[in-house]
Amino acid sequence: MKRILLTLTVLLAIMGARTGLLSVPVTPAQAADHASLPVVAPVISCEVLGNVDLAPVVGATVHGQKAAVLQTSKGKFCKVTGQIAPAVSFEVDLPMEHWTQRFLLGGCGGLCGMTRVGVSNAGACAPALNGEFVMAGDDMGHTGPMTGLAQGEFGKDPQKRIDFAYRANHVTALAAKALTAAFYGQAPKYSYFVGCSDGGREALMEAQRFPEDFDGISAGAPAALFTVQNSFYHAWNVRGNQRADGTNILLQNRVGILHDAVIRHCDTLSGVKDGILEDPRACHFDPAWVQCPAGQGDTSHCLTAEETQAALRLYEGATDAAGHPYIISGPLPGSELQWALPATAHGESMSSGIAASAIAYVIAAQVDEKAADLTHFHFDDASFAYMNKLAPLYNAENTNLRPFHQHGGRLILWHGLADQSISPLNTIAYYQGVQREMGVEQTDSFLKFYLLPGVGHCGNGEGFPQVDFLTPLMAWTETGTAPAAIRTERTTQGTEPMGPPSGGHGEPPAGGQIHMALTPSQPYAQPNATATASRPVYPYPYMAQYIGSGDVNEARNYRPVKSPVSLPMVFASHATPLIGPDNQKDYEVRNGKLGTMH
């Protein structure tokens, strides 16, 4: 069949900027969750869509492009797959019966390596539940596992580093919008990106590097300090918990003791004694809370001096020999049950696999497979400089979001306070950086930041991890109603994949897991589970406090109060200067080597 060339009119519709919405201050007023947009039917067949020439749009050859009808419980979709040269595999699923003029690209966690379609944190969003979005996903430019040393081997190819860093999602967005325009005869009215973990980094990268790709972005627990996070942070989680002989000190079955001690001594600040720290920054760990008295033989309810010192090192995070910090922060008090610790003295944690793979293959300018042996990793200034040589490639720490704001973009930034994999203080530091660069008022006009007490990495934990961020993002983007209080929920399923049931001495996360369990690849959201309790979260720096009457498990019985923590926070670390305006560069491959564009 003859290839179909997109017309100039369609190209302009895809790539042109949409007029931005006016800034709207935070208000408790209620409004529609989203714009009322009519259903638009396809103007060509799914079979014909498989022959649309995407090369002029993405600027590269597209291999293996094909289209087929996908039958789902939400109706029929035209599923288009292909590979943008050299190796960005993508999937775009287009509703054939009820498209309401929206497009959504979902981020990919870890180091990715697989193509999946779907959206998280949208389980109460009617258009997403009904399958009304064109949805897309990609593998970030390579195929591989999400765990173990092999997950980073794509770093041997310099172009795949660029694709992973920032190119893959951009070209996938261009391809998806081109397919949308061809299929329905018009471009999407609103485009969204939703991601967490590395998907959160990808979300910020889109706002920073490609501000016209998306109108609304949700960035959860972003691995924005990628070069520090996957080297110094995770390597320290391993080495800081080891003896000189390489055996592990603090193990999974001991963190319950530590967690119980923290909860006993720290004020929840919510007015409810439920073991959830509303702001763990106000809790300052004291070794005396948990360390066994000298000479005590029974250590079943306390930690040895060696274990206590290991816990202190983990809280503090990577430092040099003099105690100067390399990272923004380690995990916060209250997160202990989520820590990715080994099960045995000779076991490995997920931190080991993350650091070894990233250091050996991805972060450093030169691949060095011997560097996968973390016993050779040096926590010193020279190593820090070497690990961050490619920060302008990988990191999503550009605080100048003016182009995204001028596009009319809206951004919801969020992080769980019990995150064991990426410290929420990293995201606080970035948010403060945006405020410093753009001013508090302008920042507030397009960016809202939420912290979720007791919630682990991208979900789970002992807090209230079930939350729909897509609905308030759509309301803000499409109707101008800025988000204020957002309802979060606890369910019977909330702690299963990663975190233990509440109760401290309960079993810690099996296998020291970090990544969330994968959800099915499908072009619509999974509905929320039945809630057993709810609590609001408010834009930073506000937190929830019980009003003193009514059911403590009902969100309506809480009010916003400012955190007692002094603001702005001061971060005196080697990583702090990596957060700032206009600190990214474009890269290309010349003579088989990675280099910045001239």
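The rules behind each value
Residues numbered from 1 in each chain as written. Predicted model: local features only at pLDDT ≥ 70, side-chain atom pairs only at ≥ 80, totals over all residues. Heavy atoms only, no water. Helix = DSSP H or I, 4+ residues; strand = E, 2+ residues; numbered from the N terminus. Rg over C-alpha atoms; globule rule 2.2 N^0.38 Å. Buried < 20%, exposed > 50% of the residue type's maximum accessible area, 1.4 Å probe, protein only. Contact = heavy atoms within 4.5 Å. Areas by Shrake-Rupley, 256 points an atom, 1.4 Å probe, with all protein chains shown as cover. Expected span 1.5 Å × (residues − 1). Pairing = 2+ DSSP bridges. Axes fitted to C-alpha atoms, helices over the stretch in contact; angles between N-to-C directions. Disulfide = S-S within 2.5 Å. Salt bridge = Lys/Arg side-chain N within 4 Å of Asp/Glu carboxyl O. Phe/Tyr/Trp six-rings, centres within 6.5 Å; stacked < 30°, edge-to-face > 60°. Polar contact = N/O pair within 3.5 Å; in protein donor to acceptor, adjacent residues only side chain to side chain.

**Here we look at the overall build of the protein**
Working step 1: In terms of helices and strands, the protein carries 16 helices and 16 strands.
Working step 2: Radius of gyration (C-alpha) of the protein: 24 Å, near the 25 Å computed for a compact globule of 598 residues.
Working step 3: Dimensions of the protein, computed from C-alpha atoms along their principal axes, come out at roughly 85 × 65 × 45 Å.
Working step 4: By residue count, 62% of the 598 residues in the protein fall in the buried class.
Working step 5: Excluding contacts between residues fewer than 6 apart, the proportion of contacts in the protein whose partners are at least 24 apart in sequence is 75%.
Working step 6: Carbon and sulfur atoms make up 53% of the accessible area of the protein, which totals about 22,500 Å².

**Observations regarding helix H7 (residues 226–239)**
Working step 1: Along its 14 residues, H7 runs 19 Å from first to last C-alpha, staying within 8% of the 20 Å computed at 1.5 Å per residue.
Working step 2: For H7, a buried count of 13 out of 14 residues is recorded, marking the element as mostly surrounded by other parts of the structure.

**Side note on the pairing of strand E4 (residues 102–106)**
Working step 1: Judged by how many residues are buried, E4 sits mostly within the fold: five of five residues are covered.
Working step 2: Neither face of E4 is left uncovered, since the one carrying Arg 102, Leu 104 and Gly 106 and the one carrying Phe 103 and Leu 105 both have all their residues buried.
Working step 3: Two elements, E4 and strand E5 (residues 133–138), share four bridges in a ladder whose sense is parallel. Its bridge partner being in E5, Arg 102 is matched across the sheet by Phe 133.

**As for helix H6 (residues 198–209)**
Working step 1: Here H6 spans 16 Å end to end across 12 residues, near enough to the 16 Å set by a 1.5 Å rise per residue.
Working step 2: Among the 12 residues of H6, 12 are classified as buried, and the element is accordingly described as predominantly covered.
Working step 3: Of the residues making up H6, those classed as buried are Asp 198, Gly 199, Gly 200, Arg 201, Glu 202, Ala 203, Leu 204, Met 205, Glu 206, Ala 207, Gln 208 and Arg 209.

**Looking at the sheet that holds strand E9 (residues 447–452)**
Working step 1: Here nine strands make up an open sheet; going across it, the order is E1-E2-E3-E5-E4-E6-E7-E8-E9 and the pairing mixed. Two strands lie at the open edges of the sheet, namely strand E1 (62–72) and E9, each paired on one side alone. Averaged over all adjacent pairs, the angle separating strand axes in this sheet is 15°, with direction ignored.
Working step 2: Lying on the sheet, H6 is in contact with strand E6 (190–196), strand E7 (216–220) and strand E8 (410–416); it crosses E6 at an angle near 145°.

**Structural notes on the state of the cysteines**
Working step 1: Counted by the stated rule, this structure contains five disulfides.
Working step 2: Linked covalently through their sulfurs, Cys 266 and Cys 283 form a disulfide whose S-S length is 1.8 Å. Taken together, the residues Cys 266 in the loop between helix H8 (255–265) and helix H9 (305–316) and Cys 283 in the loop between H8 and H9 connect sequence positions 17 residues apart. Grouping residues by exposure puts Cys 266 and Cys 283 together as buried.
Working step 3: Among the cysteines of the protein that take part in disulfides, numbered as they appear in the sequence, the pairing is 1-2, 3-4, 5-10, 6-7, 8-9.
Working step 4: Of all cysteine sulfurs, the one in Cys 196 lies closest to Cys 125, which takes part in no disulfide; the gap is 17 Å.
Working step 5: With a relative accessible area of 1%, Cys 125 lands in the buried category.

**Notes on the sheet that holds strand E12 (residues 531–537)**
Working step 1: Here we have three strands laid out as an open sheet, ordered E10-E11-E12, and antiparallel in their pairing. Both outer strands of the open sheet, strand E10 (466–467) and E12, are each paired with one neighbouring strand and no more.
Working step 2: Where strand E11 (residues 486–491) lies against E12, six bridges are found, and the strand directions are antiparallel. Its bridge partner lying in E12, Arg 490 is registered against Ala 533.

**Describing the pattern of salt bridges**
Working step 1: Under the counting rule described, the total for this entry stands at 15 salt bridges.
Working step 2: Here Arg 590 ties to Glu 588 by a salt bridge, and the two come within 2.8 Å at their closest N and O atoms.
Working step 3: Connected through salt bridges with shared partners, the residues Asp 274, Glu 278 and Arg 535 form a single ionic network.

**Regarding the packing of aromatic side chains**
Working step 1: Counted according to the given criterion, the structure contains 27 aromatic pairs.
Working step 2: Centroid distance Phe 232 to Tyr 326: 5.0 Å. Interplanar angle 50°. Geometry classified as tilted. Of the two residues, Phe 232 is situated in helix H7 and Tyr 326 in the loop between H9 and helix H10 (350–363); the sequence distance between them amounts to 94 residues.
Working step 3: Looking at Phe 232, the relative accessible area reads 0%, which means it is buried.
Working step 4: Assessed through its relative accessible area of 0%, Tyr 326 is described here as buried.
Working step 5: Seen in terms of ring centroids, Phe 449 and Tyr 540 are 5.2 Å apart; in terms of plane orientation they differ by 40°. Their pairing is tilted. Here Phe 449, found in strand E9, pairs with Tyr 540, found in the loop between E12 and strand E13 (542–546); they are 91 residues apart in sequence, far enough to count as distant. Neither residue differs from the other here; Phe 449 and Tyr 540 are each classed as buried.

**What about unusual backbone geometry?**
Working step 1: A cis geometry characterises the amide bond from Ala 85 onward to Pro 86, with omega recorded as 5°.
Working step 2: Checked against the element boundaries, Pro 86 lands in the loop between strand E2 (75–84) and strand E3 (88–95).
Working step 3: With an omega of -5°, the peptide bond between Leu 567 and Pro 568 qualifies as cis.
Working step 4: The backbone phi angle of Asn 591 is positive, close to 55°, even though this residue is not glycine.
Working step 5: For Asn 591, the location among the structural elements is in the loop between strand E15 (587–590) and strand E16 (593–596).

**Focus: the environment of Tyr 524**
Working step 1: Along the polypeptide, Tyr 524 turns up in the loop between E11 and E12.
Working step 2: Between the C-alpha atoms of Tyr 524 and Ala 122, which are 402 residues apart in sequence, the distance is 9.2 Å.
Working step 3: Dropping the residues within four chain positions of it, Tyr 524 is found in contact with Thr 72, Ser 73, Lys 74, Ala 128, Leu 129, Gly 131 and Met 135.

**Considering the environment of Ser 89**
Working step 1: Take Ser 89: it is sitting in strand E3.
Working step 2: With 327 residues separating them along the chain, Ser 89 and Gly 416 place their C-alpha atoms 31 Å apart.
Working step 3: Residues in contact with Ser 89, not counting those within four places in the same chain, are Gly 82, Gln 83, Thr 115, Gly 137, Asp 138 and Asp 139.
Working step 4: Within the local environment of Ser 89, its side chain forms a polar contact with the side chain of Gln 83, the two groups lying 3.1 Å apart.

**Considerations on the side chain of Asn 398**
Working step 1: Turning to its location among the elements, Asn 398 is positioned in the loop between helix H12 (391–394) and helix H13 (402–407).
Working step 2: Within the structure, the side chain of Asn 398 is placed 2.7 Å from the backbone nitrogen of Asp 582, a separation counted as a polar contact.

**Examining the side chain of Asn 388**
Working step 1: Its place among the elements puts Asn 388 in the loop between helix H11 (381–387) and H12.
Working step 2: Among the residues examined, Asn 388 registers a relative accessible area of 10% and is labelled buried.
Working step 3: Within the structure, Asn 388 has its side chain in polar contact with the side chain of Thr 227 (distance 2.5 Å).
Working step 4: The residues touching Asn 388, leaving out its near neighbours within four places in the chain, are Thr 227, Val 228 and Leu 578.

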